[in-house]
Amino acid sequence: MMNRAIIMIIFTGLVTYLARVIPLLLYRGKEPSKFVRSFLEYIPYSALAAILFPEILYSTDSMLTAALGGSCATILIIKKQNMIITVAGTILLVYILNLSI
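The structure contained in this document is the topic of the report that follows. (Residues numbered from 1 in each chain as written. Predicted model: local features only at pLDDT ≥ 70, side-chain atom pairs only at ≥ 80, totals over all residues. Heavy atoms only, no water.)

A few words on the overall build of the protein chain. On a plain count of helices and strands, the protein chain comes out with 4 helices and 0 strands. Counting helices and strands in the order they occur from the N terminus, the protein chain gives α-α-α-α. Residue burial in the protein chain is summarised as follows: out of 101 residues, 15% are buried. In the protein chain, 8 side chains carry a positive charge and 4 a negative one; their mean positions are 13 Å apart. (Helix = DSSP H or I, 4+ residues; strand = E, 2+ residues; numbered from the N terminus. Buried < 20%, exposed > 50% of the residue type's maximum accessible area, 1.4 Å probe, protein only. Lys, Arg positive; Asp, Glu negative; His and termini not counted. Charge placed at Lys NZ, Arg CZ, Asp CG, Glu CD.)

Shown next, in the form of structure tokens:
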């Protein structure tokens, strides 16, 4: 049983390593097009949004206050506020909304 676990760990590490090294070797010295670069710049944002959005909706007892808090955070981020102001402002808004609803 232990040997099987060790083999699985080694195989998983090898597959992960190869998935990162092969593109590096194939595209060494080649500059991606402007379209590809702009597309790749948005992947972290879209992945983060897909992970966070369901958690935002169920973060409070009321889906309305959660959605309003998420909207507040989105507006503050778009206005390029720093993270402390965004988090503190959103927490304060959701707290006030939860007291009033």
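Before going further, it helps to examine the packing of helix α3 (residues 63-78) against helix α4 (residues 83-100). Across the interface, α3 lies against α4 with an axial gap of 9 Å and an inter-helix angle of 155°. Taken together, the axes of α3 and α4 are roughly antiparallel relative to one another. Where α3 crosses over α4, the handedness of that crossing is right-handed. Residues Thr65, Leu68, Gly69, Cys72, Ala73, Leu76 and Ile77 of α3 form the contact with α4, whose participating residues are Ile85, Thr86, Gly89, Thr90, Leu93, Val94, Leu97 and Asn98. Residues that form the contact of α3 with α4 fall into these classes: 9 nonpolar, 6 polar and no charged. (Axes fitted to C-alpha atoms, helices over the stretch in contact; angles between N-to-C directions. Parallel < 35°, antiparallel > 145°, perpendicular 65-115°, else oblique. Left-handed = near helix turned anticlockwise from the far one by under 90°. Contact = heavy atoms within 4.5 Å. Nonpolar A, V, L, I, M, F, W, Y, C, P; charged D, E, K, R; others polar.)

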